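Letter by letter, the chains look like this.
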Amino acid sequence: MALDEVKIGGLGSSRKRVEDNRFIRGRGNYVDDVVLPGMLYMEILRSPLAHAKIKSIDTSAAYAIPGMRMVMTGEMMAARNLAWMPTLSYDTQAVLATDKVRFQGQEVCAVIADDPYIARDGVEAIVVDYEPLPPIVNPEQAKAPDAPLIRDDKVGQNDNVVFDWEVGDREGTDRAFAEADKISTISMHYPRSHPSPIEPCGSIADYDRSTSKLTVYMTTQAPHIIRAAVSLVAEIPEHMIRIISPDLGGGFGNKVPVYPGYVMSILASILLEKPVKWIEDKTGNLISTGFGRDVYLKGEMALRNDGKILGVRMHTDSDHGAFFSDAQPSKFKIGLMHSAFACYDVPTAHLTAQGVYTNKAPGGVAYRCSFRVTEAMYFQERMVQAAADDLGMDQAEFRRINLVKDDDFPKRTPFGFLTDSGQYEKCLQIGLDAIGYDDFKQQQEEARKRGRLLGIGISTMTEPLGAGNSREYDILGIKMFDSAELRVHMTGKAILRTGAKTQGQGHETTWAQIVAHELGIPAEDIIVEEGDTDTAPFGMGTYASRSTPVAGAAVSMVSRKIRAKARKIAAHLLEVSDEDIEWELGRFYVRGAQDRGVTIQECAMAAYSNVPDGMEPGLENNAYYDPPNLTWPFACYIATVEVDPETGVWDVLRLVAVDDCGVRINPMIVEGQIMGGLTEAYAMANMQFITFDEDGNCVGSNYMDYLLPTAWETPGFELHEVVTPCPHHPIGAKGIGECATVGGPAAFVNAVMNAVSHLGVRNIDMPLLPDRVYEAVQTGNDISGMPPVKTDS
Amino acid sequence: MTSLFEEVPVSIDNDIPTTRVEVTVNGERRAAEIEPRLLLAHLLRNGFKLTGTHTGCDTTNCGACTVLLDGEPVKSCTVFAVQANGHEVTTVEGLASSEQLHPIQEGFKDEHGLQCGFCTPGMMLSAVALLNENNDPTEDEVRWALSGNLCRCTGYQNIVKAVLWAGAKMRGEQ
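Residues numbered from 1 in each chain as written. Chains lettered and ligands numbered in written order. Predicted model: local features only at pLDDT ≥ 70, side-chain atom pairs only at ≥ 80, totals over all residues.

### A short note on the overall build of chain A
Reasoning step 1: When you go through chain A residue by residue, the secondary structure sums to 19 helices and 34 strands.
Reasoning step 2: Computed over C-alpha atoms, the radius of gyration of chain A comes to 28 Å, within 12% of the 28 Å expected from 2.2 N^0.38 for 793 residues, which places it in the range of a compact globule.
Reasoning step 3: C-alpha atoms of chain A, sized along the principal axes, occupy 90 × 75 × 50 Å.
Reasoning step 4: Residues classed as buried in chain A amount to 60% of the 793 residues present.
Reasoning step 5: Contacts in chain A between residues at least 24 apart in sequence constitute 79% of all its contacts with a sequence separation of at least 6. (Helix = DSSP H or I, 4+ residues; strand = E, 2+ residues; numbered from the N terminus. Rg over C-alpha atoms; globule rule 2.2 N^0.38 Å. Buried ≥ 20, exposed ≤ 12 C-beta atoms within 10 Å, placed from the backbone. Contact = placed C-beta atoms within 7 Å.)

### A word on the domain arrangement of chain B
Frequently, the measure chosen for interface size is the accessible area removed from exposure when the parts meet.
All names here are of chain B.
Reasoning step 1: Domain annotation of chain B identifies domain 1 (3-94) and domain 2 (103-170).
Reasoning step 2: Centre-to-centre, using C-alpha coordinates, domain 1 lies 24 Å away from domain 2.
Reasoning step 3: Taken together, the 16 residues of domain 1 in the interface contact twelve residues of domain 2.
Reasoning step 4: Listing elements by their share of the side of domain 1 that touches domain 2, those giving two or more residues are β4 (66-69) and β5 (72-75).
Reasoning step 5: Among the residues forming the side of domain 1 that touches domain 2, the class breakdown is seven nonpolar, eight polar and one charged. (Domains from an automatic or database assignment. Nonpolar A, V, L, I, M, F, W, Y, C, P; charged D, E, K, R; others polar.)

### Re the confidence of the model for chain A
Reasoning step 1: When pLDDT is averaged along chain A, the result is 96, and 99% of the positions lie at 70 or above.
Reasoning step 2: This model gives residues 789-793 of chain A a pLDDT under 50, and the stretch forms five contacts once residues within four places in sequence are excluded. (pLDDT = per-residue confidence, 0-100.)

### Digging into the interface of chain B and chain A
Reasoning step 1: Each partner contributes to the interface: chain B provides 48 residues, whereas chain A provides 45 residues.
Reasoning step 2: Taken together, the elements giving at least two residues each to the side of chain B that touches chain A come down to α2 (103-110), α3 (120-133), α4 (139-145) and α5 (157-170) of chain B.
Reasoning step 3: Of the residues in the side of chain B that touches chain A, the class split is 20 nonpolar, 19 polar and nine charged.

### Side note on the domain arrangement of chain A
All names here are of chain A.
Reasoning step 1: According to the domain assignment, chain A contains domain 1 (20-27 + 482-625), domain 2 (34-133 + 200-248 + 255-288) and domain 3 (295-467 + 629-779).
Reasoning step 2: Computed from C-alpha atoms alone, the centre-to-centre distance between domain 1 and domain 2 is 40 Å.
Reasoning step 3: Listed by partner, the interface residues are 13 residues for domain 1 and 13 residues for domain 2.
Reasoning step 4: A class-by-class count of the residues in the side of domain 1 that touches domain 2 yields three nonpolar, seven polar and three charged.

### As for the sheet that holds strand β25 (residues 526-529) of chain A
In sheet architecture, strand pairing relies on hydrogen bonds along the backbone and comes in two forms, parallel and antiparallel.
Residues and elements named next belong to chain A.
Reasoning step 1: Spatial strand order, β25-β24-β23-β29: four strands in an open sheet with mixed pairing. Of all strands in the sheet, those bounded by a partner on one side alone are β25 and β29 (620-625). The average angle at which neighbouring strand axes cross in this sheet is 15°, direction not considered.
Reasoning step 2: Against the sheet, helix α14 (residues 507-519) contacts β23 (482-488), β24 (494-498) and β25, and its axis sits at roughly 130° relative to β25. (Pairing = 2+ DSSP bridges. Axes fitted to C-alpha atoms, helices over the stretch in contact; angles between N-to-C directions.)

Structure representation (structure tokens):
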């Protein structure tokens, strides 16, 4: 009898999470929980100014404090050739400022002391003399002809432009626009936001001179990339570096890049020959580490009167801050912005993109998205709504006309990606039925007569998740594949390690489920380990929803290798030839004699005690998986809202989500991911943004100013599912962690716009703060979220 | 009850005065010689090695450091350790007995009320404070009681379910 897959915790089982057992007891092991003997503590002095020359640094008062060990300055770093480090995007970033500071919060000194309080005292005691320079806080200022040069450190950099990039078919798109009945336009700002995991970044570097080995406990989503980067920057041989990423208190993209604090703790440990712990405070995290978004989006859509989209033009101006330190595939300068319109049948499109330096924190990380996909889908869904409105067409009907049909796969997107599966119209219809679309429109009409503003907004999208394939995806030339290693012990229990790194996604639970599905070993008999570069196989880490599409596939493939060997052992034990062996979950048997069989556990025992002649003993293997394509989940999010015209406050009435992420490994965890993503989408639409005043001061440098939704504001969510298996993934799964963050914002914004568009309002930039909505309702004007520009008055 | 004395590492060469505090932590009497400026969160984490209490934001907003002080939820990153002198503190480590989880812990696991786990200890202690007052709260009462605790992973819906689950268990209905 084959095993019951759900009972052994296989695919489709909403197995309770094994990692919870330690977290609910307060026994997690986050980086700040790690204590090493003789450990010292590091704190960072940050620049209070956005742009200034450093005239002098006086550290004498800091050194006078008892318990002080060392104050590191840019000069000290420069003497060791470590004042600058390479970024993940072929730029350089200052580790400690030498010549000048280029954003508020930039690292100026690092203080190492016996105790964190003493280190903080030391930071306060340092005196830095700055000569202020004019700050640049947006792309328009950056591109002005007389703009001060931010990156005067770079040879050959004569302006503030990071890149000019284009993709798509310019001539074809021009022709489509020439033939259009109507051209719809939109102009928006996707504001700067910070992923802001509750746990900030930190590291403990421990250099042991007796072995020449460097061990670093670090908040990183990609430990192997960090190992390579540290090896290159610090010139330590790669085998002498061990990166351990312990439990992570959230990541969301914030914990992908290499930050100066990590590098300084490493150098401090080498110089002082003691472990050095650096734990960032929240302000340090918010003002200096990888933000997301900050892109100006301009779009034009060529339309036929019957609703058919003929072509799209997109232009983006992105603000990368002082250093281009995005973490994204090296081929694509503005991430996967060109994945826009992948779910629609759009014959031709063209995208131009320009990135600029400003005096703001560096970054442009993929905040819970695949490399700018969030901006792409927001662009797409706001453009689609504007086009439907311009044509006087129902927004659901306009989507239905243009969505790719089920029979059209595989389908080239307008920018050349290949989508391979989906049931887009079905998802849309489930969403419309669930929300009661026609009834709501009627209610909306009636409410409007009584002065109440109701709105309904739709967002439908497919997004490319799971970089690579390695043909197109690399970071600094390192190809984007992933890995798994499985060791089955003689009693049939197992340990699995992968190159991914969980940050709350529940890999310890779900990876075991994939093994259970492939081998019939109960999930509870498998432990999962990640994050230690000395033990885990090489992988590119967890971000961009790539764990299940890539590392998860590797788990399947390594399990199949184990099964293939076990099959030979089974044939040996059953004294038949390989071809006469059949497999059912957890057991091999002789074809035609189902009662004559051996379990996977019996094969495991035999692998260590009774292998056939000529076979290597043991039951271990590894797999490196390079996916043939990205995975393409689809989502339909529909929000209904009520806007209060007297205050500008808007409330979510309902949010219906229909997600098709292919086969669900653990439905409970998938739903948890969707609800978390929807909350971040709601946050961005409603309150969450980082802005700067005209002097380059970061507004939103702590949780009093940077608003995140609590349980009180966050609406409830209604979840629905469709399953279209991924045709190339071994178990048919697609990425899911980011879909709701990516597709969600447009649903909320489209709903508010739907409530107020009859007043003449076409766009309000996110976040839709009450004052912005109020002004739009009262004036009928669009509201721009563009940060302020300094004017001489 | 045992009486323990533990020293918090401070640099003894400086001239900052220290003071002795005695706190009952999870039912055990503990004492330490500390700088008056030491925060309760740091006494618990660094002094008493109870690292289940997390510090997330430094500004009393995120609630990851929430503990119970004489049964009331407080954010221990904004309480001086000396303010806890002579009082009782409950941390996440004090919720379960050696054999039996607290209903709130069972609820969080059963309803998938956590993902990365960083906010979870503070979230559970705020919930326990509510349930000790009212073990049959409405969803709105739960949401209001937890509105001083931030979570970036879950979207709160399952956290609310977990608290309602624990309430039912405490009422003998689960």
